[in-house]
Amino acid sequence: MSNTTQPNQLNEAESRLAKVAAIRERDGIVWKDRFDRTHTIVAARQAGEGATVKTAGRVTAARWMGKLMFGRIYDIDGDIQFSLSMADLGEEQFKFMKANLDIGDFIGIEGTIYTTTQGELTINGQNTVILSKALRGLPEKWHGLTDIETRYRQRYLDIISNPEARETMKLRFRLLRFIRDFMHRHDFIELETPILQNVASGAAAAPFVTHHNALDADFFLRISPELFLKQAVAAGFDRVFEIAKDFRNEGMSPQHLQEFTMIEWYAAYWDFNDNIEFLIKFFQEMLMTLKGTLKIPYQGIELDFSNFARLNYIDEINKLTGSDILEWKDLDAAKKIVADKGLFGMGEIKDIKSVMSLVDQIWKKKIRANLIQPTIVFNYPAYMIPLARRSDKDPRRIDIFQLVVSTAELVKAYSELVDPVEQRRAFEEQMDNKAAGEEEGFDLDEDFIKAMEHGMPPQSGLGLGIDRLMTMLADQPTVRDVILFPLMK
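Conventions and cut-offs
- Residues numbered from 1 in each chain as written.
- Predicted model: local features only at pLDDT ≥ 70, side-chain atom pairs only at ≥ 80, totals over all residues.
- Heavy atoms only, no water.
- Helix = DSSP H or I, 4+ residues; strand = E, 2+ residues; numbered from the N terminus.
- Contact = heavy atoms within 4.5 Å.
- Axes fitted to C-alpha atoms, helices over the stretch in contact; angles between N-to-C directions.
- Parallel < 35°, antiparallel > 145°, perpendicular 65-115°, else oblique.
- Left-handed = near helix turned anticlockwise from the far one by under 90°.
- Core = buried A, V, L, I, M, F, W, Y, C linked by side-chain atoms within 4.5 Å.
- Buried < 20%, exposed > 50% of the residue type's maximum accessible area, 1.4 Å probe, protein only.
- Pairing = 2+ DSSP bridges.
- Expected span 1.5 Å × (residues − 1).
- Arc of directions from axis to C-beta.
- Polar contact = N/O pair within 3.5 Å; in protein donor to acceptor, adjacent residues only side chain to side chain.

1. Looking at the environment of Pro381
Consideration 1: Tracing the chain through its elements places Pro381 in strand S15 (residues 375–381).
Consideration 2: Separated by 132 residues in the primary sequence, Pro381 and Asn249 have C-alpha atoms spaced 25 Å apart.
Consideration 3: With residues up to four places along the chain from it excluded, the contact list for Pro381 reads Tyr313, Ile314, Ile325, Leu326, Arg396 and Ile398.

Right, dumping it as structure tokens:
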């Protein structure tokens, strides 16, 4: 035991180990291999008075009163009261249960459903067995976890103790089921693409690097499945999607983790306008299915998804800078414009390595930070997204949109670039940015360009951050609150 273990913890540990010995001495096996359950706890509650059920769960309460006891058992979908009596179990089994049953243990119980005089639905246990002995008690005597570090690091305790955490995780899994159902109903095929990749590409982000011993080569953890999904479209899979674990080696915040979940989808013969309409349909059907309303509370604000505002990215930044950002070529000159307008002090932007990053800083700090209600943002400079299609009307612009809600970017989507000549030039521009010190530039992917040279149909793709979306659906302040096992130091 650690020197920091408290005396009461030592006493509890010794007591539970003594009960393990007592169970082993009588039953032979302490941690049983199975239980023939006929009802879940929810099904037991629904069975009604008089029904005989065999169910199981974790003990979360126990009150012993002479020859009678009342307790509660729990599983992920509910709990139910149970009662044990010496008259029903017999003296030996009743005393054995009283001596050896603890909060946190798993038990199997067979009995009849009845309602107590207090109106509580209860299982009258005629047969009981301790299925699994807990050597540690539940936190804070079942009053729930309040320590944030423990809640995230020992998520199983958080879920047992906190109904809000439990319902948040169940909502996440319903969301994932909805996504798959929705995409399949609209003729999209779910694919799997590699997580280990030769080239760090598909998004502007710093990658994680790992070494493949058998090949004696470095690989990158996937930043995005984009390039592989596009190649699948080229192969003839007209509509594809992937719910992907992605990895970006960048800063942590309430809305950012290095490992996160996204859905990306791509549709041949669509442009970004088709994707806008599809996304709105997706959001509104999702909200009605999961929440029953298009208006949801989020951190004290009501978000209204019955209407999606529109905002022109280039026009808004041009207004702030008094300049045409499409003409920005020289980084130092652009920084001077920004500083002269008082948007940022020169010290705040001195370390920015590219025009792309400078414009992004203005966007994030001065515009996006003020967007609360669902807003479709469109019309971006071409140098911002090297994989997006240039506008046929003005090649300095790209056919792209983002969905911003409560200052967070939930979605990025565009008409895809399928011109291999332009794609190579855009990749080379990104490599120049990296050579200048830009950490989040793309690498050139020759295999992807080769696929494009073989021919790709017109298409539009979209990426949606599931973790950020979940914070809004569950009204939680951080992405850690909506991930079952968040990354911890």
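2. Observations regarding the packing of helix H7 (residues 163–185) against helix H16 (residues 466–473)
Consideration 1: Two elements in contact, H7 and H16, have axes separated by 10 Å at closest approach and are oriented at 125 degrees. The angle between H7 and H16 falls in the class oblique. Both H7 and H16 take part in a crossing whose hand is right-handed. The residues of H16 that touch H7, namely those facing Thr168, Leu171, Arg172, Leu175, Leu176 and Ile179, are Ile466, Asp467, Leu469, Met470 and Leu473.

3. As for the nonpolar core
Consideration 1: Within the largest apolar cluster, 49 residues are counted, with the highest numbers of intra-cluster contacts made by Trp265, Phe282, Phe283, Met286, Val411 and Leu473.
Consideration 2: Not counting the four nearest positions on each side in its chain, Val411 is found in contact with Leu279, Phe283, Phe401, Gln402, Leu403, Leu462, Gly463 and Leu464.
Consideration 3: One finds Ala334, Leu343, Ala382 and Phe448 within the second-largest nonpolar core, a separate group that totals 43 residues.

4. Structural notes on the sheet that holds strand S9 (residues 217–221)
Consideration 1: Read across the sheet, three strands follow the order S7-S9-S8 without closing on themselves; strand pairing throughout is antiparallel. Only two strands of the sheet have a single neighbouring strand rather than two, namely strand S7 (196–197) and strand S8 (209–212).
Consideration 2: Bridge count between S8 and S9: four bridges; the pairing is antiparallel. Note that in S9 the partner of Thr210 across the bridge is Phe219.

5. Focus on the sheet that holds strand S16 (residues 397–405)
Consideration 1: One open sheet holds the eight strands; their spatial order is S6-S10-S11-S18-S17-S16-S15-S14, and the pairing between them is mixed. Edge strands, defined here as strands with exactly one partner in the open sheet, are strand S6 (189–190) and strand S14 (309–312).
Consideration 2: Pairing between S6 and strand S10 (residues 239–247): two bridges, direction parallel. Across the sheet, residue Ile189 finds its bridge partner in S10, namely Val240.
Consideration 3: Seen against the sheet, helix H9 (residues 272–290) touches strand S11 (259–268), S14, S15, S16, strand S17 (408–415) and strand S18 (459–465) and runs at an angle of roughly 15 degrees to S16.

6. So, helix H14 (residues 420–435)
Consideration 1: Here H14 spans 22 Å end to end across 16 residues, near enough to the 22 Å set by a 1.5 Å rise per residue.
Consideration 2: Within H14 the residues assigned to the buried category are Gln423, Ala426, Phe427, Gln430 and Asn433. Taken end-on, H14 shows its buried residues confined to a sector of 110 degrees, consistent with a single buried face. Across from the buried face of H14, at angles greater than 90 degrees, the exposed residues are Val421, Asp432 and Ala435.
Consideration 3: Looking at the buried residues of H14, the elements they touch are helix H13 (355–367) and helix H15 (446–453).
Consideration 4: Of the residues flanking the start of H14, the one acting as N-cap is Asp419, its side-chain oxygen 2.9 Å from the backbone nitrogen of Val421.
Consideration 5: Positive phi shows up at Gly437, right after H14, with a value of about 110 degrees.

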